[in-house]
Amino acid sequence: MKAYKNKRRMISLALVALIMTALFAPTIANAGGISIDAGLTPAVNRIMVRSQMRILERYSESMMGGGTMKMEMRILPVMVAYGVRSDLTVMARMAHVWSDMTMSGSSMPMMNGKTSSSGFGDLLLLAKYRMVRINKPGYTLGIAPTLALELPTGSDGIGSDSYDLRGGVFFSGRHKSWAMDLDLSYINNGTALANDNEINPGDEYGIDIALARQFGLGSNAMLAIAPVLEASYKKTTPDIINDVDVMDTGESVTTLAPGLKLTYGSLIFEGLVRFPVSQEQEGMQTEHKTMFLFGFRLMN
Amino acid sequence: MMKNKRLFSTTILIGLLIGMIAGCGSGRQSFDELVTPDSEIRVYEIFGMDCPGCHGGVENLIGKVEGVLASKANWEKGTLQVLIADGSNVTDEIIFEAIKKANFTPGKRLK
């Protein structure tokens, strides 16, 4: 009897671990925030450091056994960018993640309870190339393709088990005090698997648009405030094992995020609230709830 | 394995923080502190700046030009003031090149 209980407990824990692993990687990757003003490459030799605190929640009322599941996460990414040349920027990003997952009301009592975990996410290395940059009186245009590789360096259960290749292109436009940025991205998750895991994680497609207006404050041009509105669409295809889609994986979500950016010299504070306006998950998965993001950017 | 990953991640994070501190640790005198009544101050038009965060990039590069004591950008006016050292031979072309390296476009010399 005891052996049977232990086995059930092991299966339950394995299920919980599987769900968490499936949810964490795309959540970390997707939570961009006010990051899509990066279409204009920085000056040569310039270093930028950026960090944010992202507080997000996912929730489902129809999990296994009829229970509910709530996942609360705090993600702290740190990103460093360096202008190698005036037309080439390299970046490294890594995040620390804290998460709590609570399951309750399930008819399978072993599934109920709270699980907490924390650790580092994967290391992302990214290069951005300035393909077009036009500066004219009154307007600026920029186009910058990017190529990135995410390495499976994260903690067990937090990071992914694969090398993931990313490609994208930023379009940026400035007209007087208005700013518009568009980011089209594709993530080939599971470009190369790091272990014997045969599950190939689903790929991600993203479109991010941001609109902002900069207001100068004070007389010395050192202070500015900018209301920002971001809209994002992300689609994650289902995971695949032996050429078959894995159940309860794959989703698409559209979000809107109003926010505020305060710039004082080389220091920028930013904050936004991102809420989903439409979302669709395959099978039994948690839904996105509101995300809060605040952080800073420092440039030398 | 887990310990190695943690060590690797911690090392990277510390590296990032050191980079941040190094990036902020410049003790240069400001433009206003260096200006004297006899200083030669040139003013250039500059296109492409869209917020105060742009100032640092161009000011750093102009500051590395030999014969330049300091510079001060203004994103709202679209101008760059450059403080030239006495007896130096800084040409406008050298300043224009530095502006381009900052990913901005130089306009006319206004003063």
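Residues numbered from 1 in each chain as written. Chains lettered and ligands numbered in written order. Predicted model: local features only at pLDDT ≥ 70, side-chain atom pairs only at ≥ 80, totals over all residues. Heavy atoms only, no water.

### Quick notes on the overall build of chain A
From N to C terminus, chain A includes one helix and 18 strands. Within chain A, counting contacts between residues at least 6 apart in sequence, those at least 24 apart form 60% of the total. (Helix = DSSP H or I, 4+ residues; strand = E, 2+ residues; numbered from the N terminus. Contact = heavy atoms within 4.5 Å.)

### Description of the packing of aromatic side chains
Per the counting criterion, the structure on display carries two aromatic pairs over all chains. A centroid spacing of 5.1 Å and a plane angle of 40° characterise the contact between Tyr186 of chain A and Tyr205 of chain A, whose relative ring orientation is tilted. Of the two residues, Tyr186 of chain A sits in strand E9 (residues 178–193) while Tyr205 of chain A sits in strand E10 (residues 204–213), which places them 19 residues apart along the sequence. The exposure class of Tyr186 of chain A is partly exposed, given its relative accessible area of 29%. Arranged with centres 5.7 Å apart and planes meeting at 80°, the rings of Tyr44 of chain B and Phe96 of chain B form a pair that is edge-to-face. Separated by 52 residues along the polypeptide, Tyr44 of chain B in strand E1 (residues 40–47) and Phe96 of chain B in helix H4 (residues 92–101) bring together distant segments of the chain. For the pair Tyr44 of chain B and Phe96 of chain B, a shared accessibility class is recorded, and that class is buried. Here the guanidinium or amino end of Lys128 of chain A rests over the ring plane of Phe170 of chain A, the centre of that ring lying 5.5 Å away. (Phe/Tyr/Trp six-rings, centres within 6.5 Å; stacked < 30°, edge-to-face > 60°. Buried < 20%, exposed > 50% of the residue type's maximum accessible area, 1.4 Å probe, protein only. Lys NZ or Arg CZ within 6 Å of the ring centre and 35° of its normal.)

### Examining the pairing of strand E18 (residues 291–299) of chain A
Residues and elements named next belong to chain A. Bridge count between strand E1 (residues 47–60) and E18: eight bridges; the pairing is antiparallel. Along E18, the bridge assignment pairs Arg54 with Leu293. Both strand E16 (residues 267–281) and E18 contribute to a ladder of eight bridges, which runs antiparallel. Residue pairing in the sheet places Leu267 in a bridge with Leu298 of E18. (Pairing = 2+ DSSP bridges.)

### Some remarks on the side chain of Glu251 of chain A
All names here are of chain A. Inspection of the secondary structure assignment puts Glu251 in strand E15 (residues 251–264). Here His288 takes part through its side chain, which lies 3.0 Å from a polar atom of the side chain of Glu251. Filtering out sequence-adjacent residues up to four positions away, Glu251 remains in contact with Arg58, Lys234, Lys235, Thr236, Glu280, Gln281 and His288. (Polar contact = N/O pair within 3.5 Å; in protein donor to acceptor, adjacent residues only side chain to side chain.)

### Digging into the environment of Ile187 of chain A
Residues and elements named next belong to chain A. Tracing the backbone through its elements, the reader meets Ile187 in strand E9. You can call Ile187 buried: its relative accessible area is 7%. For Ile187 and Gly206, which are 19 residues apart along the polypeptide, the C-alpha to C-alpha distance reads 8.5 Å.

### Brief notes about the nonpolar core
Judged by nonpolar contacts, the single largest core of 26 residues is most densely connected at Val58, Ile62 and Ile99 of chain B. Breaking this core down by element, the ones donating at least two residues are E1, helix H3 (55–63), strand E2 (68–74), strand E3 (79–84) and H4 of chain B. Here this core gets four residues from one element, more than from any other, and that element is H4 of chain B. If we skip the residues at most four places from it in the chain, Ile99 of chain B touches Ile46, Val58, Ile62, Leu80, Phe104, Thr105 and Pro106 of chain B. The next biggest cluster of nonpolar side chains, apart from the first, holds 15 residues, and it includes Ile158, Ala257, Leu272 and Leu293 of chain A. (Core = buried A, V, L, I, M, F, W, Y, C linked by side-chain atoms within 4.5 Å.)

### A word on the environment of Thr249 of chain A
Residues and elements named next belong to chain A. Inspection of the secondary structure puts Thr249 in the loop between strand E14 (244–245) and E15. Accessibility expressed as a relative area gives 8% for Thr249, which makes it buried. Along the sequence, Thr249 and Met284 sit 35 residues apart, while their C-alpha atoms lie 8.4 Å from each other. Excluding anything up to four places from it in sequence, Thr249 contacts Pro238, Asp239, Glu282 and Gln285.

### Notes on the sheet that holds strand E4 (residues 105–109) of chain B
Residues and elements named next belong to chain B. A sheet is described by the order of its strands in space; here four strands give the open sequence E2-E3-E1-E4, paired in antiparallel fashion. What marks the edges here is a single partner per strand, and that holds for E2 and E4. Sheet twist, expressed as the mean angle between neighbouring strand axes with direction ignored, is 30°. Bridge count between E2 and E3: six bridges; the pairing is antiparallel. Within E3, the position partnered with Val68 by the bridge is Ile84. Across the face of the sheet, H3 comes into contact with E1, E2 and E3 while running at roughly 160° to E2. (Axes fitted to C-alpha atoms, helices over the stretch in contact; angles between N-to-C directions.)

### A word on H3 of chain B
Residues three or four positions apart in an α-helix share a direction because the helix packs 3.6 residues into each turn. The element H3 of chain B is largely enclosed, with a buried count of seven among its nine residues. Considered for burial, the residues of H3 of chain B that qualify are His55, Gly56, Gly57, Val58, Asn60, Leu61 and Ile62 of chain B.

### Topic: unusual backbone geometry
Of all residues except glycine, most have a negative phi; of all peptide bonds, most are trans. Residue and element names in this part refer to chain A. Even without being a glycine, Asn45 presents a positive backbone phi close to 70°. Within the secondary structure, Asn45 sits in the loop between helix H1 (2–30) and E1. For Asn45, a relative accessible area of 32% translates into the label partly exposed. Notably, Lys176 is not glycine yet its phi reads approximately 50°, a positive angle. Structurally, Lys176 is set in the loop between strand E8 (162–175) and E9. Given a relative accessible area of 65%, Lys176 falls into the exposed group.

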